[in-house]
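Listed here are the chains, written in short residue letters.
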Amino acid sequence: MNNTNNKQRITENEIFRFYTCNLTVEMTAKLCFKTPKTVLLQWDEGKTIPPICKRLMRMYAYRELSPLDDEIGKGGKYPKES
């Protein structure tokens, strides 16, 4: 029997979500205020991810914290530079 028709293929959305952004279905759903079912059955199947959700996923994936972030909030000002 030929099982190539039943073989699942990884879509560009799955590659973007999992490999590029390192997000699980559940994390993506929470981040984008969607259900895991939407992420798994629509986006991962190839339906277009809304641009705002893609932007949120990229921002989450490439977030970087600078050393100054720990000081922000203490008095509401950035620390003075030496």
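Note that the structure is a prediction, hence the values are computed from the model and not measured.

On to the layout of surface pockets, then. The computed volume of the largest pocket comes to approximately 180 Å³. The wall of the largest pocket is formed by Gln8, Arg9, Ile10, Thr11, Glu14, Leu40, Asp44 and Glu45. For the lining of the largest pocket, the class distribution of residues is two nonpolar, two polar and four charged.

This next bit is on the side chain of Asn13. One can find Asn13 in helix 1 (residues 12-20). Residue classification places Asn13 among the buried positions, given a relative accessible area of 11%. Polar side-chain contacts of Asn13 include one of 2.8 Å to the backbone oxygen of Lys47.

As a further point, take a nonpolar patch on the surface. A grouping of Ile10, Ile15, Phe18 and Tyr19 is seen on the molecular surface, where their side chains present a nonpolar patch of about 420 Å² in accessible area. Tracing the sequence through the fold places Ile15 in helix 1.

Glancing now at the packing of helix 2 (residues 25-32) against helix 4 (residues 51-61). At a minimum axis distance of 10 Å, the contact between helix 2 and helix 4 shows a crossing angle of 115°. The way helix 2 lies across helix 4 gives a crossing that is right-handed. Between helix 2, through Met27, Thr28, Leu31 and Cys32, and helix 4, the contact on the second element is made entirely by Cys53, Leu56, Met57 and Tyr60.

Time to look at the confidence of the model for the protein. Mean pLDDT over the protein: 80, with 68% of residues reaching 70 or higher. For the protein, helix 4 is the element with the lowest average pLDDT, namely 92, and helix 3 (residues 36-43) is the one with the highest, namely 96.

Rules used throughout
Residues numbered from 1 in each chain as written. Predicted model: local features only at pLDDT ≥ 70, side-chain atom pairs only at ≥ 80, totals over all residues. Heavy atoms only, no water. 1 Å grid on protein atoms, 1.4 Å probe; cavity = no way out; pocket = protein on both sides within 12 Å on 5 of 7 lines; lining within 4 Å. Points joined across faces, edges and corners; volume = space filled by probe spheres on them. Nonpolar A, V, L, I, M, F, W, Y, C, P; charged D, E, K, R; others polar. Helix = DSSP H or I, 4+ residues; strand = E, 2+ residues; numbered from the N terminus. Buried < 20%, exposed > 50% of the residue type's maximum accessible area, 1.4 Å probe, protein only. Polar contact = N/O pair within 3.5 Å; in protein donor to acceptor, adjacent residues only side chain to side chain. Patch = residues over 30% accessible without salt bridge, like charges linked within 9 Å, V, L, I, M, F, W, Y side chains within 5 Å. Areas by Shrake-Rupley, 256 points an atom, 1.4 Å probe, with all protein chains shown as cover. Salt bridge = Lys/Arg side-chain N within 4 Å of Asp/Glu carboxyl O. Axes fitted to C-alpha atoms, helices over the stretch in contact; angles between N-to-C directions. Left-handed = near helix turned anticlockwise from the far one by under 90°. Contact = heavy atoms within 4.5 Å. pLDDT = per-residue confidence, 0-100.

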